[in-house]
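Results of the structural survey
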Amino acid sequence: SSFFVSNLEISTNSVPMSVTLNEEALVSKATSGNTTYSYSYTGGYLTSWKVLYQNNGFGGSSTKGAAAELSRTVNGNITEIKYMPSADALDIYYTYNFEYTQDDNVNGLLPETASKIMGCEGFEYIYYAGLLGRGTQNLVKSITVKHSKEEEETVYEFFYNFDYNQNVTTCSYGKGS
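As the structure is a computational prediction, the values presented were derived from the model and not from experiment.

Moving on, we get to the overall build of the protein chain. The helix and strand tally for the protein chain stands at 1 helix and 11 strands. For the protein chain, the α and β elements follow one another from N to C terminus as β-β-β-β-β-β-β-β-α-β-β-β. Relative to the compact-globule value of 16 Å for 177 residues, the protein chain shows a C-alpha radius of gyration of 17 Å, a close match. Projected onto its principal axes, the C-alpha coordinates of the protein chain cover approximately 55 × 55 × 30 Å. Taken across its 177 residues, the protein chain has 35% of its residues classed as buried.

The structure is reproduced here in structure tokens:
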């Protein structure tokens, strides 16, 4: 027989979070206060997420939100993330394009700068617990960010140091050219 938990209650810094898992034991929904995240997967890899914030006050309520769609290679490396920071303006978005090193991501690292666009900013521990799907196969070499309404793009370059087992011991990054 197998044992499957479909709901978890997690609390950090006195902020409770209710988490619902799908049949693959991946987070399908996470709720904390007036904020609800929803996640979708294909083959164990995160492919999209959205968040809704319910704001109540002054006799009314409004809903705000954000979302992202992730494109991947067959080995799970993210090629592009389209991040929409506001559900009210879907024509305003950021495109994040990823390039990779030849080094395997043996530690399952979440790329620095990517917590927000991966839908786990502030609760990265859910990613590292394996509850947001499988990590990329390779380590990220660079991320190029472009805004839908601007010509300029920003490039972040990543550099790694390893121990004798190919575990990452340090990661540094900065804006490239």
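Next up on the list: unusual backbone geometry. Despite not being glycine, Ala25 has its phi angle at roughly 65°, a positive value. Within the element layout of this structure, Ala25 appears in the loop between strand 2 (15-21) and strand 3 (27-32). Unusually for a residue other than glycine, Thr113 sits at a positive phi of about 75°. In this fold, Thr113 is placed in the loop between strand 8 (94-104) and helix 1 (124-128). Given the relative accessible area of 33%, Thr113 is considered partly exposed.

Now for the side chain of Thr95. The topology assignment puts Thr95 in strand 8. When neighbours within four sequence positions are excluded, Thr95 is seen to be in contact with Glu80, Ile81, Thr144, Val145 and Lys146.

What follows deals with the environment of Asn97. Of note, Asn97 is situated in strand 8. On the basis of relative accessibility, which here comes to 31%, the residue Asn97 falls in the partly exposed class. Linking Asn97 and Ser71, residues 26 residues apart in sequence, is a C-alpha distance of 9.6 Å. What Asn97 contacts, discounting residues up to four positions off in sequence, is Thr79, Glu80, Ser142, Ile143 and Thr144.

On to the pairing of strand 11 (residues 168-175). Across 7 bridges, the pairing between strand 10 (residues 153-162) and strand 11 is antiparallel. Looking at strand 11, one finds that Phe159 is bridged to Ser172. Here strand 10 folds back onto strand 11 in antiparallel fashion, the turn holding 5 residues, of which Gln166 has a positive phi close to 70°.

Attention now moves to the pattern of salt bridges. Overall, the coordinates contain 2 salt bridges when judged by the stated rule. With its nearest N and O atoms 2.9 Å apart, the salt bridge here joins Asp88 to Lys64. Here Asp88, found in the loop between strand 7 (78-84) and strand 8, pairs with Lys64, found in strand 6 (residues 60-72); they are 24 residues apart in sequence, far enough to count as distant. Judged by relative accessible area, Asp88 falls into the exposed class, the value being 55%. Overall, Lys64 belongs to the partly exposed group, its relative accessible area being 38%. A salt bridge links Lys149 to Asp91; its shortest N-O distance comes to 3.1 Å. Linking Lys149 in the loop between strand 9 (138-147) and strand 10 with Asp91 in the loop between strand 7 and strand 8, this pair joins segments that are 58 residues apart in sequence. In this structure Lys149 comes out as exposed when scored by relative accessible area, which is 51%.

This part takes up the packing of aromatic side chains. Under the defined criterion, the tally for this structure stands at 10 aromatic pairs. A centroid spacing of 5.1 Å and a plane angle of 75° characterise the contact between Tyr37 and Phe123, whose relative ring orientation is edge-to-face. Of this pair, Tyr37 sits in strand 4 (residues 35-42) while Phe123 sits in the loop between strand 8 and helix 1, and the two are 86 residues apart along the sequence. With relative accessibility at 8%, the residue Phe123 sits in the buried group. Connected via pairs of aromatic rings, a cluster forms that spans Tyr37, Tyr39, Trp49, Tyr83, Tyr94, Tyr96 and Phe123. Above the ring of Tyr93, the side-chain terminus of Lys82 is found at 4.4 Å from the ring centroid.

Reading the values: rules and limits
Residues numbered from 1 in each chain as written. Predicted model: local features only at pLDDT ≥ 70, side-chain atom pairs only at ≥ 80, totals over all residues. Heavy atoms only, no water. Helix = DSSP H or I, 4+ residues; strand = E, 2+ residues; numbered from the N terminus. Rg over C-alpha atoms; globule rule 2.2 N^0.38 Å. Buried < 20%, exposed > 50% of the residue type's maximum accessible area, 1.4 Å probe, protein only. Contact = heavy atoms within 4.5 Å. Pairing = 2+ DSSP bridges. Salt bridge = Lys/Arg side-chain N within 4 Å of Asp/Glu carboxyl O. Phe/Tyr/Trp six-rings, centres within 6.5 Å; stacked < 30°, edge-to-face > 60°. Lys NZ or Arg CZ within 6 Å of the ring centre and 35° of its normal.

Read these as spatial facts, not as claims about activity.
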